[in-house]
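Analysis of the macromolecular model
Chain by chain, the residues:
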Amino acid sequence: MFKWFRPIESAEGMEEMRARVEDMLSEGRHIFDAASNAFLGGADPEVIRDDLFKTDKRINQLEQKVRRQALVHGTVYGTSQLPTCLVLMSIVKDAERIGDYCKNLYDIAAIKPLAKEDPFFADLIDHKNQISGLLEEAIRIYRSQKEDKAKAFLMRGDQMQDQYDANVVKLLGDDHGSKQSAAVILAYRYYKRVTAHLLNIISSLVVPLDELDYFDEDRMTRD
Amino acid sequence: MGPTAQQRLVRVAAVIGFLIAFLVGVKLLGASFKMVGKDTAKNLFDGLTNPFAGLAVGILATVLVQSSSVTTAVVVGLVGDGQISVGHAVPVIMGANIGTSVTNTLVSLGHITRSAEFRRAFAGATMHDFFNLITVIVLLPIELATGFLQKSATALTTMFAGSSGVTYKSPIKEFIGSIAKWFIKLVEGVGLEGWWAAAVALAIGLALIVVSLIFITKIMRSLLAGRLEQSLNRVLGRSGIIGMGVGIVITVAVQSSSVTTSLLIPLIGAGILSLEVAFPITLGANIGTTVTALLAAMAADKTSGLTIALVHLLFNITGILLVYPFPPLRRIPIRLAEGLGSMAVRNRLLVLAYILTVFVVVPLLGVLIFRG
């Protein structure tokens, strides 16, 4: 009898929120490429400044929009939709943080882009391309909600984070040969954070709600 | 046909069924009083001849059943069967408007442990109370002095259905009447007579009204969840006529202003819906809720049932026209509610005192004093 009172779920509200998360990731890719290009000399920091900050603003607005919609969704559908709304609240924060780290990277670029002669230049270019591809792939996986693809994505992200850590360890030593080691360490650090936030978003497809955000910290213990 | 489409179809059929049950309930209500004789019924409702007693009864009855729709449907049933006059029923209808706002005020208590949230939520709930109180304070004396609502509603009734007070026929009414007669025969068939038969018929009528409205509201809400979500998303951050339209549409659809106004409270509490934006939605809910009385009038014997239902509609439209077009006046209920919200956060006991005073103590005293 009481199943009659259960709201007939309309996919529209949820689809709209998911589409906004995808928009955030798409904007995230744009701001990441822009900030990386500024740091790695592919674009003049002054020229892209406006676009970069406007993109960040759009990401923030999308986050707020999803939060509002999630609250409305929870209010209308009640407790049955509570987990979904909480997951959305959490992952839009991750998507928003990607924009913040890209701004941090841009701040370094605005002071001094990395010289092409730096021994880590090629590696950073390679990682920039990988993360940019990861952002694109994250949109596809999030749209498909496929668990097997999410797991493969998470493994790849883990490996990339290990590489950043290894490079940072190298940079903390004496014989790295980089004249801009502080900037390079920060760049690896921001790349790692961008990757970690992406992994958090995709981990929402496979991990329980309470383990969100702790995904990268727990990787030593998970199989 | 997919499972969702099937679910929808079954639920729509259920709503139609409950709507018929609701109309049968309204019909049975009037019929049950006829069974005890005109004089007995007249004595029962004598207390309502005092408008303040009528107002207090309207508030109390609505607070008790948590639904102005039930109160107004019962009033339409009684007026439509000639048990009480339109004039005496007007204050009861106004009281129902005040009583219905207790539901969202109670909903706002869910936020009581978080100060900032509660201040907003309580203000969001009580701005509806203040608006309804202000419109009654202004319009009841004017109505008592001039009878403008009753006269306007009578004129509209004459225009739509012929002279007010006359008996009219319609196929729906005939159908509803035949089911109600079957119920009465059933009651009399088990050997009940006079008062007992009337009491059982009355109980069945009231039960049908209450249960039908509960089911209609819940099923319609379940059916229209997606639309509700879309409407609320659309209205966030916008104010004015769009909000009022959304309030009307949602309330007509779910047959309950309390559902509409209560949905707003968590959004106001969270701060994503401002009082200024929520205010016209609640006003729209006031208009939307009058549809229940208009539906109930379909079951009434006399056109006076339609007249009192139209009084309900005109009262709410007049209240809005009196306050909403003028920004300084529009801000009065909002500012009063904000003030009360701030006071409530400082002293939580005030919340209890406010609810008990406005919705229980004052109306109870009103009944005791003015009923004579």
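Scoring rules and cut-offs
- Residues numbered from 1 in each chain as written.
- Chains lettered and ligands numbered in written order.
- Predicted model: local features only at pLDDT ≥ 70, side-chain atom pairs only at ≥ 80, totals over all residues.
- Helix = DSSP H or I, 4+ residues; strand = E, 2+ residues; numbered from the N terminus.
- Rg over C-alpha atoms; globule rule 2.2 N^0.38 Å.
- Buried ≥ 20, exposed ≤ 12 C-beta atoms within 10 Å, placed from the backbone.
- Contact = placed C-beta atoms within 7 Å.
- Axes fitted to C-alpha atoms, helices over the stretch in contact; angles between N-to-C directions.
- Parallel < 35°, antiparallel > 145°, perpendicular 65-115°, else oblique.
- Left-handed = near helix turned anticlockwise from the far one by under 90°.
- Nonpolar A, V, L, I, M, F, W, Y, C, P; charged D, E, K, R; others polar.
- pLDDT = per-residue confidence, 0-100.
- Core = buried A, V, L, I, M, F, W, Y, C linked by C-beta atoms within 7 Å.
- Expected span 1.5 Å × (residues − 1).

With that settled, the discussion passes to the overall build of chain B. Within chain B, the secondary structure is distributed over 18 helices and 0 strands. Over its C-alpha atoms chain B spans a radius of gyration of 21 Å, differing by no more than 12% from the 21 Å that the globule rule assigns to 372 residues. The buried share among the 372 residues of chain B stands at 54%. Long-range contacts, defined here as pairs at least 24 residues apart, represent 84% of the contacts in chain B between residues at least 6 apart.

A few words now on the overall build of chain A. In terms of regular secondary structure, chain A is built from 6 helices and 0 strands. In chain A, the succession of helices and strands from N to C terminus is α-α-α-α-α-α. Taken against the 2.2 N^0.38 rule, which gives 17 Å for 223 residues, the C-alpha radius of gyration of chain A at 19 Å falls within 12% of a compact globule. Summarising its shape, the C-alpha atoms of chain A cover approximately 75 × 40 × 20 Å along the three principal directions. By the burial criterion, 40% of the 223 residues in chain A qualify as buried. Once local pairs closer than 6 in sequence are excluded, the contacts in chain A between residues at least 24 apart make up 79%.

Residues and elements named next belong to chain B. Relative orientation of the contacting elements helix α11 (residues 225–235) and helix α12 (residues 241–254) amounts to 165 degrees, with a least axis distance of 10 Å. Classed by the angle they form, the pair α11 and α12 counts as roughly antiparallel. The hand of the α11/α12 crossing is left-handed. Taking contact as the criterion, the partners of Leu228, Ser231 and Val235 in α11 are, on α12, Ile242, Gly243, Val246, Val249 and Ile250. Looking at the contact of α11 with α12 residue by residue, the classes come out as 6 nonpolar, 2 polar and no charged.

This part covers the interface of chain B and chain A. At the junction of the two partners, chain B supplies 22 residues and chain A supplies 16 residues. Residue assignment for the side of chain B that touches chain A shows that the elements contributing at least two residues are α1 (3–35), α10 (194–223), α11 and α13 (257–269) of chain B. In terms of residue count, the dominant contributor to the side of chain B that touches chain A is α11(B) (7 residues). By residue class, the composition of the side of chain B that touches chain A is 12 nonpolar, 6 polar and 4 charged.

Right, let's talk about the environment of Ile241(B) for a bit. All names here are of chain B. Mapped onto the fold, Ile241 is located in helix α12. C-beta crowding within 10 Å serves as the criterion here: with 11 such atoms nearby, Ile241 is assigned to the exposed category. It is 8.6 Å that separates the C-alpha atoms of Ile241 and Ile281, two residues lying 40 residues apart in sequence.

Attention now moves to the confidence of the model for chain A. Of the residues in chain A, 91% reach a pLDDT of 70 or more, and the chain-wide mean stands at 89. Of all helices and strands in chain A, the one with the weakest mean pLDDT is helix α5 (residues 147–172) of chain A (92), whereas helix α4 (residues 121–144) of chain A scores best (95).

What follows deals with the confidence of the model for chain B. As a note on interpretation, predicted positions should not be read in detail where pLDDT is low. Residues and elements named next belong to chain B. On average, residues of chain B carry a pLDDT of 88, and 94% of them reach 70 or more. Across chain B, element-level confidence peaks in helix α7 (residues 115–146) with a mean pLDDT of 95 and bottoms out in helix α2 (residues 38–44) with 65. The ipTM value of the predicted complex is 0.75, and its pTM value is 0.82.

By size, the foremost hydrophobic cluster in this structure holds 176 residues, and its most contacted members are Ala35(A) and Val76(B). Excluding residues that lie within four positions of it along the chain, Ala35(A) makes contacts with Leu52(A), Cys102(A), Leu105(A), Tyr106(A) and Ala109(A).

This paragraph deals with the environment of Leu86(A). Examined against the element boundaries, Leu86(A) turns out to sit in helix α3 (residues 82–111). Note: C-alpha distance between Leu86(A) and His127(A) (41 residues apart in sequence) is 32 Å.

With that settled, consider the environment of Glu174(B). All names here are of chain B. Relative to the assigned elements, Glu174 resides in helix α9 (residues 171–189). Overall, the presence of 9 C-beta atoms within 10 Å leaves Glu174 in the exposed class. For Glu174 and Asp129, which are 45 residues apart along the polypeptide, the C-alpha to C-alpha distance reads 39 Å.

We now examine α5(A). Across its 26 residues, α5(A) extends 38 Å between first and last C-alpha, which sits within 8% of the 38 Å expected from 1.5 Å per residue. Here the buried face of α5(A) lies against α4 and α6 (181–203) of chain A.

The next subject is the packing of α12(B) against α13(B). Think of two packed helices as two axes; the pair is described by the angle between the axes and how far apart they sit. Residues and elements named next belong to chain B. It is the contact of α12 with α13, at a shortest axis distance of 7 Å, that shows an interaxial angle of 130 degrees. As the angle between them shows, α12 and α13 are arranged oblique. Handedness of the crossing formed by α12 with α13: right-handed. Seen from α12, the contacting residues are Gly247, Ile250, Thr251 and Val254; seen from α13, they are Ser257, Val259 and Thr260.

Each α-helix winds once per 3.6 residues, and so residues spaced three or four apart point in a common direction. Residue and element names in this part refer to chain B. With 13 residues, α13 extends 19 Å between its outermost C-alpha atoms, agreeing within 8% with the 18 Å of an ideal straight helix rising 1.5 Å per residue. Within α13, 13 of the 13 residues are buried, which leaves it mostly tucked inside the rest of the structure. Positioned one or two residues after α13, Gly271 has a phi angle of 85 degrees, which is positive.

So, on to unusual backbone geometry. Of note in the backbone geometry, Gln145(A) takes a positive phi value of approximately 60 degrees without being a glycine. Structurally, Gln145(A) is set in the loop between α4 and α5. Positive phi, close to 55 degrees, is recorded for Gln255(B), a residue that is not glycine. Structurally, Gln255(B) can be placed in the loop between α12 and α13.

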